[in-house]
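Analysis of the macromolecular model
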Amino acid sequence: MATVAAAGAHEAHEHAHYTTTGLNHRKIAMWTFIGSECMLFGSLISTYLVYKGRSVVGPFPHEAWTSPTGQAFKPILNIPVTSASTFVLLMSSLFMVLALAAVENKGKPGYEGLLGASKFWLAATAAAGATFLGFQAFEFTSFVHEGLTIRTNLFGTSFYTLTGFHGTHVAVGVLWLMTMLFIDLKRGLEPRDAINVDIMALYWHFVDVVWIAIFTLVYLIK
Amino acid sequence: MATSSAISTTASAAPQPSVQSGLWSWLTTVDHKRIGLLYLYTALFYLLVGGLEALLIRTQLARPNLSVVSAEMYNQLFTMHGTTMVFLVVMPLSAAFFNYLIPLQIGARDVAFPRLNAFSYWVYALGGLFITLPIFFGLAPNGGWFGYAPLSGPTYGGGYNMDFWVLGLQILGISSLAAAFNFITTIINMRAPGMTLMRMPMFTWMSFVVQFLIVLAFPVITAALFFLQFDRFFGTNFYQVQAGGDPLLWQHLFWVFGHPEVYILVLPAFGLVSEVLPTHSRKPLFGYNVMAFSGMMIGFLGFGVWAHHMFAVGMGPVADSIFAVTTMLIGIPTGVKIFNWIATMYGGSLRFPTSMKFAIGLIAMFTIGGISGVMHSSPPSDLQQTDTYFIVAHFHYVLYGGAIMGIFAGIYHYFPKITGRLMNERLGSWHFWLNFIGLNLTFFPMHFSGMLGMPRRIYTYDAGQGWDLFNMISTVGTYLLLVAGLIFAYNFFSSRKRGAVAGNDPWGGATLEWSIPSPPPEYNFAQIPEVTSRYPMWDLKAPDRTASLEHVHPSADDIAAAHAVPVHEETERRSAKELGIAIPFSTIRPFMVALGIIIMFSGLIVLHVGEFPLAMAAMLGGSAFMVGSLYAWLTSPLE
Amino acid sequence: MSTDRTHADHAHEHPTWKQYKWVALWLFVITVFEVWAYYVPAFVASKAFVPTLIIMSAVKFTIVVLFYMHLKYDHQMFRRLFTGPLIIAACTLVAFLFLFSKVRIG
């Protein structure tokens, strides 16, 4: 579905054409897409919550577990690591708004220095996104080493699916950011390109917002 | 871009052939009208497929203990009949009208994203083949169109059959979602100056509501299907009871999607008859505001009634009561529509061409389906009816008597706009009456066989249970429907060549699509019209009908920005180039992206066969092809 | 609807670094509180734990949407396109929690 979003998001039919509301076509489509994504993540989160505490065997997210064979498992979620990755993703949203402001105000007074450095902020956002993905890869591999795969129990099934879907969205966002950075490096983004950055930023912040919900509902609430 | 060409008022000539022809032009077209035609032809083809599946089902059930087809094939037939009719026939037929009519009705030259539009069609067309072809190898989905877990899961639904269903529905979902984003943007942002939301034609209104239903309902089935897909392909535990999973989760997710889906199927047909009835009653639609709001109400309440499909699973008295009440509530806006249609005809000067017959047929037949629906909104009553032929009777009155009848009304009404020629009325009348009689012969007896306890989906039955006669009548009715369908097909194809020339406005329509030539030129409107009321063409041709309605001119800024001129009849045909109108370039890339998606999904089937390297090649190759084509698409200019 | 054009895109001013840094600070502070709450056993055991965490999360969610996604400053059309689906998604989620007895009445 991210494909669909990207496809819609880049198709410009409105330049120099009359529009009823004066709004940008793609921005309307992006907000519609985000509404649709609310239902997708709503379904995924509902499923996680419905299945919370229904796993027949461990390992469990917040409780220790000893298997019938006597093997001991610690609570599997690593809150310090995930708090760090959450912090990185939150900061990426700050970098994203600064990238948008830099493109929107390019050449204006007050935006000569770092605040106008769109390439820097785009690169920083992409790097923060990639770091988040790195944390997630670390988390997934260490869970697998500790004995939790997507097949192990209902927790593994619903946890990997929910966070995996979110991670895929982040990955698409990073790809999008890098494409935008590539364009900026090649020809320089101008204030007239701001709408493209704006639409990408909406997607990026939405992915961040979903993580805010996941962090609380999956990681913190026992 | 503005043009000052004088609009000649000479009589219209015979319809001209399309400028472009040939396979390549169809593969690369981004014109909403041609894409609408592609949807129409493809969906009519699948209507034949789904109809033949129904014919085989009914032949098997004609008499007790027949074995016309094997029990396994029977399962595949009823699964594919439902899946085909819902996802490959009624939704795409509605999409054909969305494509063709929405831009014409709101005074636009195309949809907001023409290439995304082509992409939606190709995903649908290829996805339809993906899910339909397996039946020729006896590998078609066999777990019902609702795919209840765990029957659709790996334990009880092994083999490839349900793989095709799970993946096929994912593919078709992409198509519907892409189209919905496109139409929402189109309706919000491409209305001509003065075309306020409360002046939109009722078909566009109902389409608008439907797009939101798609946008909100499809992600839910997408999630549910991903779970099922992961269970089947990766051994996860979503619907695995031994791991603590709950098959009811599937039922809930499916019906959170499935109930809005019912309105996705029927609201476009409601929109079409809301165009046909006022035109042939020569009177404005009764209670326009109420019609629009009841459409929104149906859409909103449609998300709060899903569990009435599940009363029999034992949700407890509180949940049962809540869903019973919301279900009864949703009958109110639906009933309001019925009364408004009747009031529209009341006191009008009525004409009865075929489209009007179908529209009135819809009112009658949908009412029967609606009333039986209110019957099983009550849980105690539903417990007697659930999973019997009574339910089959109910939803066929709603979907055949509602959606299909409305779509036929739309086809007869808009055929002259699409082809420039009228359909034959005498054959149309035969089609209507045979269809009407056939429909009632087929589905009315099912109320009785259902009440006598005949369960749905059974392969065959023993004699002496009181079901024999009703089943025989149903089967005879189905054959009558086949005859009606053949008459329609003959009429459709022969009228394209030999029908009477229609001109711009054969019916005296009220809305903008009737102001332009038939078939419309590729740019639709040489000059964007300035709209001042709900019935712009009646303002022009029959001002007495609209004298009492509000007329407000759009702001001068808007008129100037759109280079709009007052509503007028356009009869001259000139090329877009002569008029200086920019037309989007044809492009193959949306087709290629769609193809990449199909290859990617096919890889999963190959994975199930066990050919790991080939599967990875298909999935990675398909993804790379898709992403590459997507980048090529996005970096090429639109027009 | 035609008058909507007067409040077209970017007719408003987006906030700047001055607001953005405060938003970031708030997000950071709330996150610190959330994680801190997780490590206080007495609080985790109390009835206030789950509601407090959900409220903090909702506040973060809201300020990102209002300020970073500019919904506070943008056209009302966008607000409708987002809040409508969000409400339906939230209601569906809550309904699921009741239907699967995760939450009980009384």
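Given the structure is predicted, the values throughout are model-derived calculations rather than measurements.

In terms of helices and strands, chain A carries six helices and two strands. Shown N-terminal to C-terminal, the secondary structure of chain A runs as helices and strands in the order α-α-β-β-α-α-α-α. Each principal axis of the C-alpha atoms in chain A carries an extent, and together these give about 70 × 40 × 25 Å. In chain A, buried positions account for 57% of the 222 residues. Residue pairs in contact within chain A that sit at least 24 positions apart in sequence constitute 72% of those at least 6 positions apart.

Summing up its helical and strand segments, chain B has 20 helices and two strands in all. For chain B, whose C-alpha radius of gyration is 25 Å, the value lies close to the compact-globule estimate of 26 Å for 639 residues. Considered along the principal axes of its C-alpha atoms, chain B spans approximately 75 × 60 × 50 Å. Here chain B holds 639 residues, and 59% of them are scored as buried. Long-range pairs, those at least 24 residues apart, make up 84% of the contacts in chain B with a sequence separation of at least 6.

A separate point is the nonpolar core. Judged by nonpolar contacts, the single largest core of 293 residues is most densely connected at A99 of chain A together with V90, A224, V273, L362, A409 and I597 of chain B. For this core, the element with the most residues is helix α6 (residues 202-234) of chain B, which contributes 23 residues. Taken together, domain 1 (15-72) and domain 2 (75-106) of chain C each give at least three residues to this core, which thus spans both. If we skip the residues at most four places from it in the chain, A224 of chain B touches W250, L253 and F254 of chain B.

Moving on to the interface of chain B and chain C. Taken residue by residue, the interface counts 15 residues in chain B and 11 residues in chain C. Grouping the constituent residues of the side of chain B that touches chain C by class yields 10 nonpolar, four polar and one charged.

Right, let's talk about helix α8 (residues 288-301) of chain B for a bit. Spacing of three or four residues puts side chains on the same side of an α-helix, whose turn is 3.6 residues. Residues and elements named next belong to chain B. A rise of 1.5 Å per residue sets the reference length of α8, with its 14 residues, at 20 Å; its end C-alpha atoms lie 20 Å apart and thus fit the reference within 8%. Listing the buried residues of α8 in full gives Y288, M291, A292, S294, G295, I298, G299 and L301. On its buried side, α8 packs onto α6, α7 (247-281) and α9 (317-345).

This part covers the environment of V266 of chain B. Residues and elements named next belong to chain B. Residue position: V266 is located in helix α7. The spacing of V266 and L177 is 89 residues in sequence and 18 Å in space, taken between C-alpha atoms. Beyond its immediate chain neighbours, meaning those up to four positions away, V266 contacts V398, G402 and A403.

Another aspect to go through is the packing of helix α5 (residues 154-187) of chain A against helix α6 (residues 194-220) of chain A. Residue and element names in this part refer to chain A. At their nearest, the axes of α5 and α6 sit 10 Å apart, and the two run at 155° to each other. The orientation of α5 with respect to α6, classified from their angle, is roughly antiparallel. α6 is crossed by α5, and the crossing has left-handed handedness. Together, F159, L162, T163, H166, H169, V170, G173, W176, L177 and M180 of α5 and V197, M200, Y203, W204, V207, V210, W211, I214 and V218 of α6 make up the contact between the two elements. Here the contact of α5 with α6 is composed, by residue class, of 15 nonpolar, four polar and no charged.

Moving on, we come to the interface of chain B and chain A. With 41 residues of chain B in contact, the opposing surface of chain A contributes 37 residues. For the side of chain B that touches chain A, the secondary structure elements donating two or more residues are α4 (114-132), α5 (161-189), α6, α7, α17 (556-562) and α20 (612-634) of chain B. In the side of chain B that touches chain A, the residues fall into 30 nonpolar, nine polar and two charged.

Turning to the packing of helix α2 (residues 25-51) of chain A against α5 of chain B, a few remarks are in order. One can describe the packing of α2 of chain A onto α5 of chain B by two numbers: an axis separation of 9 Å at closest approach and a directional angle of 130°. Relative to α5 of chain B, α2 of chain A is oriented oblique. Here α2 of chain A and α5 of chain B pass one another in a crossing that is right-handed. Contacts between α2 of chain A and α5 of chain B involve H25, I28, A29, T32, F33 and S36 of chain A on the former and, on the latter, L177, F181, I184, T185, I188 and N189 of chain B. Residue composition of the contact of α2 of chain A with α5 of chain B, by class: seven nonpolar, five polar and no charged.

End to end, helix α13 (residues 425-451) of chain B covers 39 Å across 27 residues, agreeing with the expected 39 Å (1.5 Å per residue, within 8%). Immediately downstream of α13 of chain B, the backbone of G453 of chain B shows phi near 100°, a positive value.

With that out of the way, let us pick up the environment of S176 of chain B. Residues and elements named next belong to chain B. Here S176 is to be found in helix α5. Judged by the 23 C-beta atoms lying within 10 Å of it, S176 is buried. The contact partners of S176, leaving out residues within four places of it in the chain, are M91, I214 and F218.

Attention shifts here to unusual backbone geometry. Negative phi is the rule for most residues except glycine; trans is the rule for most peptide bonds. Between G58 of chain A and the following residue, P59 of chain A, the backbone shows a cis peptide bond with an omega angle of 0°. By the secondary structure assignment, P59 of chain A is in the loop between α2 and β1 (65-66). Note the cis peptide between S518 of chain B and P519 of chain B, where omega equals -15°. The residue R282 of chain B is not glycine, and still its phi comes out positive at about 50°. Among the structural elements, R282 of chain B can be located in the loop between α7 and α8.

Now for the confidence of the model for chain A. Looking at chain A as a whole, its pLDDT mean stands at 91, while 93% of the residues score no less than 70. The model gives residues 1-15 of chain A a pLDDT under 50, and that stretch makes 43 contacts with residues more than four places away or in other chains.

Time to look at the confidence of the model for chain B. For chain B, mean pLDDT is 93; residues scoring 70 or higher make up 97% of the total. Ignoring residues within four places in sequence, the model shows residues 1-18 of chain B, a span with pLDDT below 50, making 30 contacts including any to other chains.

Cut-offs used in this document
Residues numbered from 1 in each chain as written. Chains lettered and ligands numbered in written order. Predicted model: local features only at pLDDT ≥ 70, side-chain atom pairs only at ≥ 80, totals over all residues. Helix = DSSP H or I, 4+ residues; strand = E, 2+ residues; numbered from the N terminus. Buried ≥ 20, exposed ≤ 12 C-beta atoms within 10 Å, placed from the backbone. Contact = placed C-beta atoms within 7 Å. Rg over C-alpha atoms; globule rule 2.2 N^0.38 Å. Core = buried A, V, L, I, M, F, W, Y, C linked by C-beta atoms within 7 Å. Domains from an automatic or database assignment. Nonpolar A, V, L, I, M, F, W, Y, C, P; charged D, E, K, R; others polar. Expected span 1.5 Å × (residues − 1). Axes fitted to C-alpha atoms, helices over the stretch in contact; angles between N-to-C directions. Parallel < 35°, antiparallel > 145°, perpendicular 65-115°, else oblique. Left-handed = near helix turned anticlockwise from the far one by under 90°. pLDDT = per-residue confidence, 0-100.

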